[in-house]
Amino acid sequence: MPNTTQARIENSVLLPCPKLMLFDWHGTLVDTHQAMYQAIEEMLAQLDELDLVRHLLPEEDAKTEDDEKLIRYIRIYRHLHPRVLAEQRISRTDVFDAIFGDNDEANQIAHKAYNDCYRHHYGSVKPFQDGMYEYLIYLKKLGIKIGVVTNRSREFLDPELEMVEDGRWKDLFDVTLCGDEMQRYKPAPDAMLQAAKQLNLKADEHLWYVGDSVTDMMTATKAGVTRVFYNGALWAPHWFEQVFADHAHHHYDPDIIIDDFDELLDLVITSKGADITQDLLAKRPDRLPPRQPKAEHQEPDWHPAVAKLTYPKVILFDWHATLVDTLDAMYHAVDDMLKELKELGLLEHLVDTAKCKSPDDQRLVEYVRDNLSLHPKIKIDRKISRTDIFEILFADNYVAKTLAHKGFTEHYRKYYGTALPFEANVKNMLEGLRKLGLIVGVITNRDREFFVHELNTVDGGWAHLFDTEICGDDTVERKPHTDQILKAAENLNITLGPDIWYVGDSTTDVIAAKSAGITSVFFNGAQWDLPWLNKIFPGTERYPYKPDVVVNDFSEFWALVLSCRKNRPRN
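Anyway, here's the lowdown on the structure attached to this text. (Residues numbered from 1 in each chain as written. Predicted model: local features only at pLDDT ≥ 70, side-chain atom pairs only at ≥ 80, totals over all residues. Heavy atoms only, no water.)

### Considerations on helix α3 (residues 65–77)
Basically, it comes down to this: In this text, helices come from DSSP runs of H or I with a minimum length of four residues, and strands from runs of E with a minimum of two, each type numbered from the N-terminal end. Multiply 1.5 Å by the residue count of a helix minus one, and that product is the helix's expected span. Categorising residues by exposure relies on relative accessible area from a 1.4 Å probe, with only protein chains included: less than 20% of the type maximum marks a residue as buried, more than 50% marks it as exposed, and the intermediate range marks it as partly exposed. Whether two residues are in contact is decided by their heavy atoms: any pair within 4.5 Å suffices.
Taking 1.5 Å as the rise per residue, α3 with 13 residues should run 18 Å; its terminal C-alpha atoms sit 18 Å apart, in good agreement. Burial analysis of α3 places ten of its 13 residues in the buried class, the great majority of the element. Inspection of α3 places D67, E68, K69, L70, I71, R72, Y73, I74, I76 and Y77 among the buried residues, and these make up the whole buried set. Residues of α3 that are buried sit in contact with α2 (33–44), α4 (82–87), α5 (92–100), α19 (426–435) and α24 (554–566).

Put into structure tokens, the structure is as follows:
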């Protein structure tokens, strides 16, 4: 395994003295992260029209578990995994290498499409770390030729050279070669070999290639030159252990890993030994403080990035406003039922507002009592379910809620019929879960009369995607009671525990899951903000139930499943 710079120096393991030092551009010499990730996202959305989906590597051919997770994610959602976007630590070329492997045709198409997208975003460029220009000037004073070998197109590299630090980098390099000037992009060694040839030097151990990615180390290995990994992202040691593991990129281990350019100068000076004069040593740029990793963003304990979940063997989903959208019909039916509160004998059973969980709940109860209808804003926002409405209006009054659900059902017959996937790729996500070997089911307060019709008509029919379906009229009590979850467990012959997940969009779903002792995944399709989530899940003695994790869409949910799968205990 690669060692840190300090360890190598202490052990007196010296690198060959460099005659030529070539650098990657983005992520090594300069920072253009924002534009790069925007362009990758735009390009991945075009995978279908570029006919690149068929070129995605099979998951079983992925070099690492992270690569496998990335392929699975992109195959369904056509954009980068949220953690990749949040960390911004891997390069465009690493992404393409992970998802297309050694497929030169696919890589060429992907790089060209990326360049087309990058035109919409590039412009901002800055040195990757302080003092970069002074470090490069010093390397030249030591008699080392320097250059850039990048997959960036010439169309972008030249303007960025003119922009960085007001143009003082423009004439700094002895050679620059771009991906679109070569027959093949990195990790092919073409550009590196050509750069050495242009300067009448050999591509051997006296050529150092400094880059921040696995792709850069692969390129240097194929060219037969010294491999210097610039740890610009400040990866922890375990990252290198995983990425350069025997089953992944073992043959591309860096010769050395550096965290900053002071360490690079240490290596060069040590390699030159007595050949370097005291005058040159005195001209070395002042050593800067070590680079520090960014402070980690503190997320709520239910955020997918920090939630500690057991990998599921069963995933149960709510139906309405989670997997499918039937909101228009639902709100019409609720409004019609509320007009009949007096006739149904329910008006007098509306909860005392003093017992409401929040001021918003109080306002809902008061409005319904005064107007026998939902407030227009609720119907415009489309953020609250029928079951949650009844929980707010009638609290623990089981008889009143039963009558309300019955009245709703009578009116829903007038409106139901059209059920749409809540998101474009829900079906693909469900199929992906089944391919992982997971058991999948539905638990809904919808009556079976309506659910079966919607199940068989949504998106060509989804009946084949579920191992069990439990409806509101299949049990004595509906959610938030646990009856339906217990019924699902009986049907599937499983024991309830944290490896059973229930995914739903309402407080009712959370209460049912936590009461049953299973993992609660709150699907925030309504896009509630954090203050509102804290309001509806206060975690108080009276309202103790909080979700184990909150996901804002199914791409985030899919990423969560894949992350838990990666971290699951192995037999």
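The rest of the description comes next.
### What to know about the environment of I439
Take I439: it is sitting in strand β12 (residues 439–443). Taking relative accessible area as the criterion, I439 reaches 29% and is therefore assigned partly exposed. As a C-alpha pair, I439 and L50 span 389 residues in sequence and 34 Å in three-dimensional space. Not counting residues within four places of it along the chain, the set of residues in contact with I439 comprises K313, V314, I315, D467 and L492.

### Observations regarding helix α15 (residues 359–371)
Let me state the cut-off plainly: Here, the arc refers to the directions that run from the helix axis to the C-beta atoms.
Over its 13 residues, α15 runs 18 Å from end to end, which matches the ideal 18 Å to within 8%, given 1.5 Å per residue. Every buried residue of α15 is listed here: D361, L364, V365 and V368. Angular distribution of buried residues about the axis of α15 spans 95°; they occupy a single face of the element. Backbone geometry just downstream of α15 places L372 in the positive-phi region, at approximately 55°.

### Observations concerning the pairing of strand β4 (residues 145–150)
The condition that has to hold: Strand pairing follows a simple DSSP-based rule, namely that at least 2 bridges must link the two strands. With the strands pointing away from the viewer, any crossover whose connection runs clockwise from the first strand over the helix to the second is right-handed.
Among the six residues that make up β4, five are buried, leaving the element largely enclosed by the rest of the structure. As judged from the four bridges shared by strand β1 (residues 20–23) and β4, these two strands associate in the parallel manner. Its bridge partner lying in β4, L22 is registered against G147. Crossover handedness for the path β4 to helix α8 (residues 154–163) to strand β5 (residues 175–178): right-handed.

### Quick word on unusual backbone geometry
Going from K186 to P187, the amide bond is cis rather than trans, its omega being 20°. Within the secondary structure, P187 is located in the loop between β5 and α9 (190–198). With a phi angle near 60°, N200 is a residue other than glycine that sits in the positive phi range. If you trace the backbone, N200 turns up in the loop between α9 and β6 (207–211). With relative accessibility at 72%, the residue N200 sits in the exposed group. In this model, A321 sits at a positive phi of 65°, which is unusual for a non-glycine residue. With respect to the helices and strands, the residue A321 is situated in the loop between β9 (314–317) and β10 (324–325). On the basis of relative accessible area, A321 is assigned to the buried category, the value being 9%.

### Describing the sheet that holds strand β15 (residues 519–523)
Operational definition: With axes taken as lines fitted to C-alpha atoms, and helix axes fitted only over the stretch in contact, angles between N-to-C directions fall between 0 and 180 degrees.
Read from one edge of the open sheet, six strands run β13-β12-β9-β14-β15-β16, paired in parallel fashion. Of all the strands in the sheet, just β13 (468–470) and β16 (549–551) have a single pairing partner and so form its edges. Pairwise comparison of adjacent strand axes, ignoring direction, gives a mean angle of 20° for this sheet. As judged from the three bridges shared by β12 and β13, these two strands associate in the parallel manner. By the bridge assignment for β13, V442 is matched with E469.

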